[in-house]
Amino acid sequence: MIGSSRYRTHTCVGAADAVGERVRLSGWVHRRRDHGGVTFIDVRDRSGVMQLVFHPEAAGAIEAAKGLHPEDVICVEGDMVPRDAATVNDRLPTGGVELRADRLEVLTSAAPMPFSVEDEGAEANEELRLTYRYVELRREARLRALELRGAVVRAIRAVLDDEGFLDVETPMLTRSTPEGARDFLVPARLQKGSWYALPQSPQLFKQLLMIGGLERYYQIVKCFRDEDLRADRQPEFTQVDIEASFVEQEDIQSLVERILVAAFAEGGVTLTAPFPRMTYADAIRRFGTDRPDLRFGLEIQDWSAQAAESGLGVFEGVVKGGGVVRGIVVPGAGAGMSRKDLDGLVAEAQQIGAKGLVWAVPGEDGALRSSVKADFLAGLPEAFGAAEGDLIAVVADRERDAQNVLGMLRGRLAERHGLIPDDAWEPLWVVGFPLVEWNEGEKRWDSTHHPFTSPRPEDVDRMESDPGAVIADAYDVVMNGLELGGGSIRINDPGVQQRALALIGMDADEADARFGFLLRALELGAPPHGGLALGLDRLVMLIARAASIRDVMAFPKTATGGDPLTGAPAPVDDAQLKELGVAVTAPPPAAG
């Protein structure tokens, strides 16, 4: 630890144990209060806040204190004394003591702040807060989130180091091998017309490390994806990247469970391993998503057979055409909903992709309030197990579309009606993903995860004859409806890898051009290997109970990918472009 200096003998919180000692502190002026002839200053450093008291006998110091402004940087010295019993603040670790200051030095005077550091409830708009992100980082919530992030990283490293994993850096400048999102491209000055790409993940390099005999690798690494943003996405993000040789799916899952148990413990959350497992097919059938939130019920139920005999033309037509009629029950939600509220739910379902929605609310004596004639819904409440006042929401559509709509409504309605318990944690492994999915728009197969994912051994012979039925040796770890990470056992047979690339429409020449280095490596003795990548930002967001990953990153981008602090992205000089051999055909966006 760095020792004492002319600036400090203690941190603010550390000084709480130094009663009776001469103490020197340095930090920022948090707030000032004048009471008669006595001035109180709260000084803040990373550890916390200490109250300073300036009495009239320290004339020079009290005059200097009266001239202080919020966020001035000061060095102060005095005697650490107990507070009077009436002024003790039990909410602060320093609330039982104060520094009786007699010497004050202003190290830096601060200009007026763009927003209040002291009052975290006085929210400035995001653009302003990110422009002055270094000021916002002084706020308690932001500082503690970054401290938690550091603690989580240390806990993760401790588990992996203890398991014999080797921390290895992989290149940031590499070949463009798109993995589903757009690459960020970097022009190569010395090879004009050629480009590097910033990695979307170290996927291929970590497989090469396994072929290189390292056996156990990890890296906490920056990755880049040029994609649309939302609360839990950024163009640059951090992941915990893991790969190991001579392992099976269960080995990786057990390791990741130990990592997550240790990581969540840093936030005071106790997880119990092993986590439950659920197949992809069951997740979609029961919850309409491959990342189900298990903190509440509202499972999707099927009413297709009954709907086909209901007499309601739209139901009968959908089932006859190969579709389904499915729904969810929201306990107690219907009792307080007006007709306007219920019709609003229909519009909401349509906004997220439904052709329509039928709602029903059982009442007293079996009466049914519904959006269609109750006779068409005979037996629906009993089939769904709905009680008086419950809301039944039913969608008729193609199976995939119906499940997707109900899956989204399920989460929204649970939150809206207070059905999600506070501080509940429900981890889950989702397994048994299909190896490929049919892309109707492109009329081709796409990899569900990535094209280096191994099919189950028993399904290899069906890759060409029945690709949609092939199950991948893949697994995702989910928590409270968010995917924390995904992984798989990789293909280590060059012939199978060629077939996997061909399955997604890549002929031998294209495969060699894009992935020839990997195919050659697989021919030189590749061990069975697999791994997983955890999204560190999303993981810390959950542990910190934050609303967005931006809350747990030091310098995040806005929702449009911009950085108001530095002004990035920004145009560059024509001379720079000429040197790179690059021409810009689109004009830069207007400032502001």
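Residues numbered from 1 in each chain as written. Predicted model: local features only at pLDDT ≥ 70, side-chain atom pairs only at ≥ 80, totals over all residues. Heavy atoms only, no water.

A. Main features of the packing of helix 6 (residues 249-265) against helix 15 (residues 536-543). Remark: helix 6 packs on helix 15, axes separated minimally by 10 Å, with the N-to-C direction vectors making an angle of 45 degrees. Considering their axes alone, helix 6 and helix 15 lie oblique with respect to each other. You can see that helix 6 and helix 15 cross each other, and the crossing is right-handed. Judged by residue contacts, Leu260, Ala263 and Phe264 of helix 6 engage Leu539, Leu542 and Ile543 from helix 15. Residues that form the contact of helix 6 with helix 15 fall into these classes: six nonpolar, no polar and no charged. (Axes fitted to C-alpha atoms, helices over the stretch in contact; angles between N-to-C directions. Helix = DSSP H or I, 4+ residues; strand = E, 2+ residues; numbered from the N terminus. Parallel < 35°, antiparallel > 145°, perpendicular 65-115°, else oblique. Left-handed = near helix turned anticlockwise from the far one by under 90°. Contact = heavy atoms within 4.5 Å. Nonpolar A, V, L, I, M, F, W, Y, C, P; charged D, E, K, R; others polar.)

B. Seen up close, the sheet that holds strand 9 (residues 216-224). Within the open sheet, the eight strands sit side by side as 6-9-10-22-21-20-17-11. Their pairing is mixed. With one partner strand each, in any of the chains shown, strand 6 (166-167) and strand 11 (277-279) form the two edges of the open sheet. As paired strands, strand 21 (residues 482-489) and strand 22 (residues 529-535) are joined by five bridges and run antiparallel to one another. Within strand 22, the residue paired with glycine 487 across the bridge is leucine 532. (Pairing = 2+ DSSP bridges.)

C. Structural context of empty space enclosed by the protein. Enumeration according to the criterion identifies two cavities of 30 Å³ or more in this entry. Taken as a whole, the second largest cavity encloses approximately 40 Å³ of empty space. Lining the second largest cavity are Leu435, Val436, Ser447, His450, Pro451, Thr453, Ala500, Leu503 and Ile504. Residues that form the lining of the second largest cavity fall into these classes: six nonpolar, three polar and no charged. (1 Å grid on protein atoms, 1.4 Å probe; cavity = no way out; pocket = protein on both sides within 12 Å on 5 of 7 lines; lining within 4 Å. Points joined across faces, edges and corners; volume = space filled by probe spheres on them.)

D. View of the nonpolar core. In terms of nonpolar packing, the biggest core is built from 42 residues, with Leu260 and Phe264 touching the most fellow members. Residue assignment for this core shows that the elements contributing at least two residues are helix 4 (140-162), strand 10 (236-245), helix 6, strand 17 (427-431), strand 20 (474-479), strand 21, strand 22 and helix 15. Setting aside anything within four residues of it in sequence, one finds phenylalanine 264 in contact with Val269, Leu271, Trp425, Met479, Leu484, Leu539, Leu542 and Ile543. Grouped together as the second largest cluster of nonpolar side chains are 32 residues, Val430, Leu435, Val478 and Ala511 included. (Core = buried A, V, L, I, M, F, W, Y, C linked by side-chain atoms within 4.5 Å. Buried < 20%, exposed > 50% of the residue type's maximum accessible area, 1.4 Å probe, protein only.)

E. Quick peek at the pairing of strand 2 (residues 38-45). The buried fraction of strand 2 amounts to eight of the eight residues, a majority that puts the element mostly inside the structure. The alternating pattern of strand 2 places Val38, Phe40, Asp42 and Arg44 and Thr39, Ile41, Val43 and Asp45 on opposite faces, both of which are buried. Taken together, the seven bridges between strand 1 (residues 22-35) and strand 2 define a ladder with antiparallel strand orientation. Note on strand 2: the bridge partner recorded for arginine 32 is isoleucine 41. Pairing geometry for strand 2 and strand 3 (residues 48-54), over seven bridges, is antiparallel.

F. Representation of the pattern of salt bridges in the model. Considering all chains together, one arrives at 54 salt bridges under this definition. For glutamate 71, the salt bridge is made with arginine 138, and the minimal N-O distance between the two is 3.0 Å. With glutamate 71 in the loop between helix 1 (59-66) and strand 4 (73-82) and arginine 138 in the loop between helix 3 (133-136) and helix 4, this pair connects stretches of sequence that are 67 residues apart. Residue class for glutamate 71 comes out buried when judged on its relative accessible area of 3%. Residue glutamate 399 pairs with arginine 326 through a salt bridge whose shortest N-O separation is 3.0 Å. Separated by 73 residues along the polypeptide, glutamate 399 in helix 12 (residues 399-416) and arginine 326 in strand 13 (residues 324-330) bring together distant segments of the chain. Looking at arginine 326, the relative accessible area reads 12%, which means it is buried. Beyond isolated ion pairs, a larger network of salt bridges with shared partners links Arg6, Arg22, Arg24, Glu77, Asp79, Asp102, Arg103 and Glu105. (Salt bridge = Lys/Arg side-chain N within 4 Å of Asp/Glu carboxyl O.)

G. The arrangement of the sheet that holds strand 13 in detail. Pairing is antiparallel across the open sheet formed by five strands, whose spatial order is 12-13-16-14-15. The open sheet has two free edges, formed respectively by strand 12 (301-302) and strand 15 (368-370), since each of these has just one partner strand. Inspection of the sheet shows strand 12 paired to strand 13 by two bridges, in the antiparallel sense. Within strand 13, the residue paired with glutamine 301 across the bridge is glycine 327. This element, helix 9 (residues 313-320), spans strand 13, strand 14 (358-362) and strand 16 (391-397) of the sheet and lies at about 50 degrees to strand 16.

H. Structural context of the packing of aromatic side chains. Tallied over the full model, the rule gives seven aromatic pairs. Between phenylalanine 452 and phenylalanine 515, the aromatic rings sit 5.2 Å apart at their centres with planes inclined by 80 degrees, giving edge-to-face as the arrangement. With a gap of 63 residues between them, phenylalanine 452 in the loop between strand 19 (444-447) and strand 20 and phenylalanine 515 in helix 14 (residues 508-522) connect regions that are remote in the sequence. Among the residues examined, phenylalanine 452 registers a relative accessible area of 2% and is labelled buried. (Phe/Tyr/Trp six-rings, centres within 6.5 Å; stacked < 30°, edge-to-face > 60°.)

I. Quick peek at helix 5 (residues 203-211). Within helix 5, seven of the nine residues are buried, which leaves it mostly tucked inside the rest of the structure. Along its buried surface, helix 5 packs onto strand 9, strand 10, helix 14 and strand 22. Residue glycine 213 follows helix 5 closely and has a positive phi angle near 90 degrees.

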